[in-house]
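# Understanding the architecture of this molecule
Single-letter residue listing:
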Amino acid sequence: MRAITRPLSQITHEYVDLNEVARDDGYLFVREGVGVAGRGTAIRIGHDDVLETLQNIEHQNLTEINGAGPVAIGCIPFDSSERHDFVIPKVVVGKDANGEQWITVIDDAPVELTTTTPPKPSSGSFSVHPGVSVEHYLEAVRLTRDAVRRGEITKAVIARDIFVETNMPFDVHAILLRLRASFGSSYRYLVDGLIGASPELLVTVSGNDVSSHPLAGTAPRSGNPELDQQLATELIASTKNQLEHRIVIHIVHETLFP
């Protein structure tokens, strides 16, 4: 494969929103406008071969932007030994924290950066139901609480799935735009139909710098600046939330320290 990376200004002088690049069938990883969006599939490969495949791409970088070039995007399961795939998109648009913008094209793939038909509001009927019973969930909470009290574990995150069924397809592009409006400071992603927003970043590597951005402890937001400030102050002063956060910091520190 051959790849050419150019300043985005050589393609268009208009502002390019990464959400508009990904649309409903592309790839996205972005926070506050910084990140990458991809379109098309140059190759889909297993996780064992992804690094070698990227290194073997004949890449011509016509920018001075650090890290600009082909990327592999995928989902890693909790058990990372399980087989999982990565996609190297045919076209990738990236923006860095300095406002620099670039575009990478593999094997002269066609470039379509924006959509001419933005998603329109729509309505439909839907139903919501839990994946497990409330009783089952509460029992898991009780067992976990008792395990913490006995000192068997220090922290656990108990999750339960919620199913939403509708009479019409979900508009992925519209969901991305809604997430941007509601959670613009979170890391938003779209990979093979998996879509979401998270305030946490597991790990990032830049040269010799390795960093992680974990969070623990939550509080609701009200939309009222004064009340939000009060809630934030109470959150920081909470012994329970401070302890949760320190446990996470300790785990990340012990993992990275070696």
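Given the structure is predicted, the values throughout are model-derived calculations rather than measurements.

This part covers the overall build of the protein. Counting its regular elements, the protein contains six helices and 15 strands. Along the first, second and third principal axes, the C-alpha set of the protein runs to 60 × 50 × 40 Å. Taken across its 258 residues, the protein has 28% of its residues classed as buried. Across the protein, every contact between residues at least 6 apart in sequence was considered, and the portion connecting residues at least 24 apart equals 62%. By element, 53% of the accessible surface of the protein is carried by carbon and sulfur atoms, the whole surface being about 17,400 Å². The positive charge centre, built from 22 side chains, and the negative charge centre, built from 34, are 5 Å apart in the protein.

Attention shifts here to helix α4 (residues 172-182). Buried within α4 are the following residues: His173, Leu176 and Leu179. The arc that holds the buried residues of α4, viewed along the axis, is 120°, so those residues lie on one side. Exposed side of α4, more than 90 degrees from the buried face: Arg178 and Ala181 are the residues found there. A side-chain oxygen of the first residue of α4 lies 3.3 Å from the backbone nitrogen of His173; this N-cap is Asp171.

What follows covers the nonpolar core. One finds Leu8, Leu18, Leu28, Ala37, Val93, Ile103 and Leu113 to be the most contacted residues of the largest nonpolar core, which totals 16 residues. Within the residue set of this core, elements represented by two or more residues are α1 (18-22), β2 (27-31), β8 (91-95) and β9 (101-106). Top contributing element to this core by residue count: α1, with three residues. Excluding its chain neighbours within four sequence positions, the residues that come into contact with Leu28 are Leu18, Asn19, Ala22, Val36, Ala37, Leu176, Arg188, Tyr189 and Leu190.

Before going further, it helps to examine the sheet that holds β2. Pairing is mixed in the open sheet, where eight strands are placed in the order β5-β1-β9-β8-β3-β2-β12-β13. Every other strand in the sheet has two partners, leaving β5 (58-61) and β13 (194-198) as the edge strands with one partner each. With strand direction ignored, the average angle separating the axes of adjacent strands in the sheet is 10°. For strand β12 (residues 187-191) and β13, the ladder comprises five bridges, and the chain directions are antiparallel. Directly across from Arg188, in β13, lies its bridge partner Ala197.

In this structure the tally under the stated criterion is 12 salt bridges. Measuring nitrogen to oxygen at the nearest pair gives 3.0 Å for the salt bridge that ties Asp146 to Arg145. Linking Glu244 and Lys240 is a salt bridge whose minimum nitrogen-to-oxygen distance equals 2.6 Å. With Glu244 and Lys240 both in helix α6 (residues 239-256) and four residues apart, this pair spans about one turn of that helix. Assessed through its relative accessible area of 22%, Glu244 is described here as partly exposed. One continuous salt-bridge network, built from bridges that share partners, spans Glu139, Arg142, Arg145 and Asp146.

The subject of this paragraph is unusual backbone geometry. In this structure, Arg23 takes a positive phi of about 50° despite not being glycine. Mapped onto the fold, Arg23 is located in the loop between α1 and β2.

This paragraph deals with the environment of Thr255. Along the chain, Thr255 turns up in helix α6. Under the relative-accessibility criterion, Thr255 is labelled exposed at 58%. The spatial distance from the C-alpha of Thr255 to the C-alpha of Asp209 is 15 Å, given a sequence separation of 46 residues. At a separation of 2.7 Å, a polar atom in the side chain of Thr255 contacts the main-chain carbonyl oxygen of Ile251.

Attention now goes to the pairing of β8. Within β8, five of the five residues are buried, which leaves the element mostly enclosed by the surrounding structure. In terms of strand pairing, β8 meets β9 through five bridges, oriented antiparallel. Counted as the bridge partner of Val93 is Ile103 from β9. The hairpin turn running from β8 into β9, its antiparallel successor, is five residues long, and Gly99 in that turn takes a positive phi close to 85°.

Scoring rules and cut-offs
Residues numbered from 1 in each chain as written. Predicted model: local features only at pLDDT ≥ 70, side-chain atom pairs only at ≥ 80, totals over all residues. Heavy atoms only, no water. Helix = DSSP H or I, 4+ residues; strand = E, 2+ residues; numbered from the N terminus. Buried < 20%, exposed > 50% of the residue type's maximum accessible area, 1.4 Å probe, protein only. Contact = heavy atoms within 4.5 Å. Areas by Shrake-Rupley, 256 points an atom, 1.4 Å probe, with all protein chains shown as cover. Lys, Arg positive; Asp, Glu negative; His and termini not counted. Charge placed at Lys NZ, Arg CZ, Asp CG, Glu CD. Arc of directions from axis to C-beta. Polar contact = N/O pair within 3.5 Å; in protein donor to acceptor, adjacent residues only side chain to side chain. Core = buried A, V, L, I, M, F, W, Y, C linked by side-chain atoms within 4.5 Å. Pairing = 2+ DSSP bridges. Axes fitted to C-alpha atoms, helices over the stretch in contact; angles between N-to-C directions. Salt bridge = Lys/Arg side-chain N within 4 Å of Asp/Glu carboxyl O.

Honestly, that's just the spatial picture; any functional story needs more than this.
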